[in-house]
Amino acid sequence: QVQLVESGGGLVQAGGSLRLSCSASGSIFSINRRGWYRQAPGKQRGLVATITSGGSTNYADSVKGRFTISRDNGKNTIYLQMHSLKPEDTAVYYCNAQGRDYTWADFDSWGRGTQVTVSS
């Protein structure tokens with residue numbers, strides 16, 4: 001079983017910055033892809049950014065140039081550095097990880113989410 005724990009959310013004024021962290025633990029043999037997704041009230045959960053085991057990144061158009069996803073493989077942790085935050089970035093941010101555990105089973109795990117609120 002793989003557990004993901006997010007941290008770093010909070011309340012920030014428009015134009016401000018926040019850094020989210022997500023640590024992974026459990027029976028992890030390998031992780032192929034990790035990412036951040038967000039869900040605003042009344043909307044579906046959508047992609048923010050992903051990073052593969054090879055280091056390739058992908059961003060939603062709405063956050064390109066403002067958000068940066070990074071990883072620390074030694075700590076099994078990923079980060080989302082967010083700058084120039086806008087009220088429309090307000091959402092619950094979820095961490096995701098896809099990989100394989102030590103039983104050789106694939107996993108697709110989610111964290112419980114962390115709230116980011118941007119005031120205007």
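Heads up: the structure comes first, above all this text.
Residues numbered from 1 in each chain as written. Predicted model: local features only at pLDDT ≥ 70, side-chain atom pairs only at ≥ 80, totals over all residues. Heavy atoms only, no water.

### Here's the deal with the pairing of strand β4 (residues 30-39)
Consecutive side chains along a regular strand alternate between the two faces of the sheet. Across nine bridges, β4 lies against strand β9 (residues 91-100) in antiparallel orientation. Considered in β9, the bridge of Gly35 is made with Asn96. Bridging between β4 and strand β5 (residues 46-52) involves six bridges; their strand directions are antiparallel. Looking at the pairing, Gly35 lines up with Thr50 of β5. Where β4 folds back on β5, the antiparallel hairpin that results is connected by six residues, among which Gly42 adopts a positive phi of roughly 80 degrees. (Pairing = 2+ DSSP bridges. Helix = DSSP H or I, 4+ residues; strand = E, 2+ residues; numbered from the N terminus.)

### Some points on the nonpolar core
Trp36, Val48, Phe67, Leu80, Met82 and Tyr93 are the most contacted members of the largest nonpolar core, which totals 30 residues. Broken down by secondary-structure element, the contributors of at least two residues to this core are β1 (2-7), β3 (18-26), β4, β5, β7 (67-72), β8 (77-82), β9 and β11 (114-119). Sequence-distant contacts of Leu80, defined by excluding residues within four places in its chain, comprise Leu18, Arg19, Leu20, Trp36, Val48, Ala49, Phe67, Thr68, Ile69 and Tyr93. (Core = buried A, V, L, I, M, F, W, Y, C linked by side-chain atoms within 4.5 Å. Buried < 20%, exposed > 50% of the residue type's maximum accessible area, 1.4 Å probe, protein only. Contact = heavy atoms within 4.5 Å.)

### A few points about a nonpolar patch on the surface
On the surface, Phe29, Tyr102 and Trp104 cluster together to form a nonpolar patch covering roughly 410 Å² of accessible area. Tracing the backbone through its elements, the reader meets Trp104 in the loop between β9 and β10 (106-110). Taking the relative accessible area as the measure of exposure, Trp104 reaches 53% and is therefore exposed. (Patch = residues over 30% accessible without salt bridge, like charges linked within 9 Å, V, L, I, M, F, W, Y side chains within 5 Å. Areas by Shrake-Rupley, 256 points an atom, 1.4 Å probe, with all protein chains shown as cover. Salt bridge = Lys/Arg side-chain N within 4 Å of Asp/Glu carboxyl O.)

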